[in-house]
Amino acid sequence: MIYHILAIGDVVGEQGLDHLARHLRSLKQLKDIHFTVVNGENASVVGITPQQVERLYQAGADVVTLGNHTFGRQQLAGRLEEDPYLLRPANFTGRAPGRGWGVYECRHIQIGVMNLIGRCGLDFNADNPFTTADKLLREERPLFTLVDFHAEATSEKLAMGFYLDGRVSALWGTHTHVPTADGRVMPKGTGYLTDLGMTGPVESVLGICPEQSIEGFLGGLPGRYQAAEGPCKMQGAVFSLDSQTGLCVAVEPVDVR
């Protein structure tokens, strides 16, 4: 049997949340999706609140992953301890609340989800993501293992893809908010995409008002970032996984406007 896993790129602002709520369930039905992972760390533009986590679940997310803005909203700390479906990067230091690995029931199988953060340009006192993945994968693994690698450098994401090829079912990148055109099945059977893209305003700079971003690059004071207005998009990918091998047979990008 083939299981279809949907991964959705970083949700930006209330606009992105609204767009996700309008379109996620219909996309899941259209693509016969069995399990959905959504990166939600930008739901408050910088961070996410417990109420916004709930909205992601209500929209159709099974698991919510985070990244470098995990603690952009301090009220999330308690939710991270209590909610097994909310993951922050597993290679954060041991003092950080929450977890970065979970195993979930999906019909008659189990699915493991791992959240990691890169260190090239994103060093938040994080442990090595490669060795962290090794440690987690030494434990008894479910049939399918999925990895959200929240990283800046495409080289680091690609290196991780090759490093885990054949050991995980699918690995995708988040954080840079721009979808890449390299979705594929790697030589040993892992589904891979360097970056899913984002869920948020189309006419924006990574979801933010263009004027604010331009002002920053001009050397001015852009102020507190705000999500742009206007039409939105929902970007991500569908990974088709074989229940006989636990590996990937196809990767299909999605872009819903």
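Provided above is the structure to which this section pertains.
Quick summary incoming for the structure in this document.

Parameters at a glance
- Each residue is numbered by its place in its chain's sequence as written, counting from 1.
- In view of the model being predicted, local features appear only for residues whose pLDDT reaches at least 70, and side-chain atom pairs are presented and counted only at 80 or more, with totals across whole chains, interfaces and linings using the full set of residues.
- With hydrogens and water excluded, all non-hydrogen atoms of the structure serve as input to the side-chain values.
- Starting at the N terminus, helices and strands are each numbered in turn, a helix being any DSSP run of H or I of at least four residues and a strand any DSSP run of E of at least two.
- Atoms counted for the radius of gyration: C-alpha only. Globule rule: 2.2 Å times the number of residues to the power 0.38.
- For each residue, the accessible area found with a 1.4 Å probe, counting protein chains only, is set against the maximum for its type, and the residue is called buried under 20%, exposed over 50%, and partly exposed in between.
- The contact rule is simple, with two residues in contact once any of their heavy atoms fall within 4.5 Å.
- Using a 1.4 Å probe, the Shrake-Rupley method yields the accessible areas, and only the shown protein chains count as cover for residues.
- When charges are counted, Lys and Arg contribute as positive and Asp and Glu as negative, whereas His and the chain ends are disregarded.
- Here the site of a charge means atom NZ of a Lys, CZ of an Arg, CG of an Asp or CD of a Glu.
- Here, strands pair whenever DSSP counts at least two bridges between them.
- Between the rings of Phe, Tyr and Trp (Trp by its six-membered ring), a pair exists once the centres lie within 6.5 Å; its type follows the angle of the planes, with under 30 degrees stacked, over 60 edge-to-face, and the other angles tilted.
- Criterion for a charge above a ring: Lys NZ or Arg CZ within 6 Å of the ring centre, and within 35 degrees of the ring normal.

Turning our eyes to something else, we now look at the overall build of the protein chain. On a plain count of helices and strands, the protein chain comes out with six helices and 14 strands. By the compact-globule yardstick of 18 Å for 257 residues, the protein chain fits well, its C-alpha radius of gyration being 17 Å. Seen along its three principal axes, the alpha-carbon backbone of the protein chain occupies a region of about 55 × 40 × 35 Å. In the protein chain, which comprises 257 residues, the share counted as buried stands at 59%. Partitioning the contacts of the protein chain with sequence separation of at least 6, the portion at a separation of at least 24 is 63%. Carbon and sulfur atoms make up 52% of the accessible area of the protein chain, which totals about 10900 Å². When the 22 positive and 29 negative side-chain charges of the protein chain are each reduced to one mean point, those points stand 3 Å apart.

Once that is clear, we can look at the sheet that holds strand 7 (residues 109-117). Here we have six strands laid out as an open sheet, ordered 6-7-8-9-11-10, and mixed in their pairing. The open sheet terminates on both sides in strands that have one partner only, identified here as strand 6 (101-106) and strand 10 (184-185). Summarising the sheet, strand 9 (residues 170-174) and strand 11 (residues 191-193) pair through three bridges and their orientation is parallel. Residue Leu-171 lies in a different strand from strand 11, and its bridge partner there is Tyr-192.

Now for the packing of aromatic side chains. Summed over all chains, the structure comprises six aromatic pairs. Both rings, one in Tyr-3 and one in Phe-144, keep their centres 5.5 Å apart while their planes meet at 65°; by these two values the pair is edge-to-face. In this pair, Tyr-3 is assigned in strand 1 (residues 2-8) and Phe-144 in strand 8 (residues 144-150), connecting sequence segments 141 residues apart. Accessibility assignment for this pair places Tyr-3 and Phe-144 in one class, buried. Through pairs of rings, three or more aromatic residues link up here, namely Phe-35, Tyr-85 and Tyr-104. Between the NZ or CZ atom of Arg-167 and the centre of the ring of Tyr-163, over which it lies, the distance is 4.9 Å.

Within strand 7, eight of the nine residues are buried, leaving the element largely enclosed by the surrounding structure. Here strand 6 runs beside strand 7; their pairing, made up of six bridges, is antiparallel. The residue bridging Cys-106 from the neighbouring strand is Ile-109, located in strand 7. Here strand 6 folds back onto strand 7 in antiparallel fashion, the turn holding two residues, of which Arg-107 has a positive phi close to 60°. Looking at chain direction, strand 7 and strand 8 are connected through seven bridges and run parallel. Within strand 8, the position partnered with Gly-112 by the bridge is Thr-145.

Attention now moves to the side chain of Ser-240. Looking at the element boundaries, Ser-240 is found in strand 13 (residues 232-242). Residue Ser-240 is classed as buried on the basis of its relative accessible area, which comes to 12%. Contacts of Ser-240, omitting those with residues within four sequence positions, involve Ile-2, Tyr-3, His-4, Leu-247, Cys-248, Val-249 and Ala-250.

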